[in-house]
Every structure is written in C-alpha cells, then in structure tokens.
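Structure at a glance
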Amino acid sequence: MLPQVWVRLLALQGHYGANFKFTSMTQLCSVSGCSGSAASKFSLMCSRHRSSLRRHGHQLQTAVTVTELRGYRNQVQKRRKANPQSPAWAILEERWSRVLAHAGDTLQLRDSGKPFLRHEAEAARHLQALGAALPASEVLEVALSMLVMRERRGSRFCSDRAFGHQLVRRVRGLAQTSSGSYYSAKTQRTHRVYRDLPPRTVERIAAHLMTAFGAAGIQLAGMELAQAEASASESRRLERALMALR
C-alpha cells in the first residue's frame, strides 16, 4: 500500500498530465487532510504540523487552555474542600516533594562533574523552578485536573505523549517563569508567550508528574464519573416517577 503522500502526488500527476514532475517543491504534507507543502525535502510534514509535533507531542494535538481546564479544576477543589482532613492531600504533596528532591540530586550529580543525561538535568532545573515558584497544592490541583480531564475526555488527546506535553504545559503555565512577554504595536498591549521546552525535556518532566500524581488522578476521575452516573440515575428515576403521577 502506497504512503498517503505518494497517493496524493499520483493524483496530482493524473490531474496535470505528463508535464507534472515529482520535485521537492511538490512534496505534500503527510498529515491526512493537509494540502500544505512539506517543510523541506527531509520532512514529511508542513511547517505547521511539524511545529505542533514539537510543541504539543502530536501533529494534530492542540493546546489545552486554562478556560477549558477550569471545570475539572473546580471538581478537584470541591473534592478537597469536602475532605480537608484526608491524608491523601498530604501524601500527594509528599510525592511532589520527592520529585523535587530527586531533581536536586540530579543537579548535584551534574555539578559534580559525573556523567548525566542532559534532558534529565534540564527537566530537573525546570522542576526546581516550579517548586520554588508554586505551592504544592497548586501543582497537584492542576495535575489532578488534567488527569480527570483525560479520563473523562480521552479523545481530546491524540496520544499519551500528547497528553504528557499538555500536562507539563498547564503545570508550567502556573508560574511566571514559564512565559515571556512582548509589546505589540498593533494591539498596543503587552502579551505573554509560553516558552516551549525541548520535547525530550518535556517528556522527562511529564514522567515525573505522572509518577507523583498519575494513580491518584485516575482514581479521582473514577469517583467523579461514579458520582455523575449516580446523579443521572436519580434524575431518570425522578422523571419516571413524575410521568407516572395522575
């Protein structure tokens, strides 16, 4: 079976006739539905989709916004307010502390001159920056919110890798250090811009966040789903009871 890009090129040759030549200028993006040209002769995707792959972990993934996540974060906050004395919150904060401690050990290893993984050290540096800028409660709230969102709206994320990128993006978005700013003469306003990290660094940060909060987030999502189903079942029973009234 021919790759999609070659199927399109053959279709173009059939449309334009014998004068159509397969050159680097006619190489199309391999993403289904995209008619853009490949970014270079060494790339299978156009500039837009290649940028999405680097920034979001998948060529079709789009960024999860603060507004989009707000409802899920409200659910986590409501659950925490209803159970303020639960040891679960202290355990999760302790797990975050262990992530930060591991980051500190990684940076010490780097500074001692011993061999280290560059992306792991970069991830450790950014994790330490988050730990210094944010209370643990905010980090775990957003991380749990993202995990609940994934369980409730799995189709929103194109892959596990794409989810990891969005998880890191939203956690880092809590801190001012993760963004820069520029002044636009057109709008006459100062705009904030998210500072992207190398994909491998993002993947290492995501792995640490999943280690700390992954299991708890999945369990919390299950509780929210069970509560929603119970509420819907009660509403259906009430509807049937009202319809049976004479």
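Residues numbered from 1 in each chain as written. Predicted model: local features only at pLDDT ≥ 70, side-chain atom pairs only at ≥ 80, totals over all residues. Heavy atoms only, no water.

Moving on, we come to the packing of aromatic side chains. For the coordinates displayed, the defined rule picks out two aromatic pairs. Taking the centre distance of 5.1 Å and the plane angle of 90 degrees together, the rings of Phe157 and Phe163 count as edge-to-face. Judged by relative accessible area, Phe163 falls into the buried class, the value being 2%. (Phe/Tyr/Trp six-rings, centres within 6.5 Å; stacked < 30°, edge-to-face > 60°. Buried < 20%, exposed > 50% of the residue type's maximum accessible area, 1.4 Å probe, protein only.)

On to the pattern of salt bridges. Opposite charge on two side chains permits pairing when their charged atoms draw close. Within this structure, the stated rule accounts for 11 salt bridges. Among the salt bridges present, the one from Arg55 reaches Asp196, with a minimum N-O distance of 2.8 Å. Within this pair, whereas Arg55 is found in helix α2 (residues 47–56), its partner Asp196 is found in the loop between β2 (189–194) and α8 (199–243), the two being separated by 141 residues in sequence. Since its relative accessible area comes to 30%, Asp196 is described here as partly exposed. Of the charged contacts, one joins Arg125 and Glu122 as a salt bridge, the two residues approaching to 2.8 Å between their closest N and O atoms. (Salt bridge = Lys/Arg side-chain N within 4 Å of Asp/Glu carboxyl O. Helix = DSSP H or I, 4+ residues; strand = E, 2+ residues; numbered from the N terminus.)

The next subject is the side chain of Ser145. Residue position: Ser145 is located in helix α6 (residues 136–152). Not counting the four nearest positions on each side in its chain, Ser145 is found in contact with Leu69, Tyr72, Arg73 and Val76. (Contact = heavy atoms within 4.5 Å.)

What follows concerns the confidence of the model for the protein chain. In low-pLDDT regions, the fine details of the predicted coordinates are not to be read closely. Per-residue pLDDT for the protein chain averages 82, and the proportion of residues at 70 or more is 77%. The least confident element of the protein chain is helix α1 (residues 4–16), whose mean pLDDT is 55; the most confident is helix α7 (residues 160–172), at 95. (pLDDT = per-residue confidence, 0-100.)

Another point: the nonpolar core. Counting 40 residues, the largest nonpolar core has Trp96, Leu144, Leu209 and Phe213 as the members making the most contacts within it. Secondary structure elements with two or more residues in this core: α3 (66–82), α4 (87–111), α5 (118–133), α6, α7 and α8. Each residue touching Leu209, except ones within four places of it in the same chain, is listed here: Trp96, Leu167, Val168, Val171 and Gly214. Membership of the second largest hydrophobic core comes to five residues, among which are Cys29, Val31, Met45 and Cys46. (Core = buried A, V, L, I, M, F, W, Y, C linked by side-chain atoms within 4.5 Å.)

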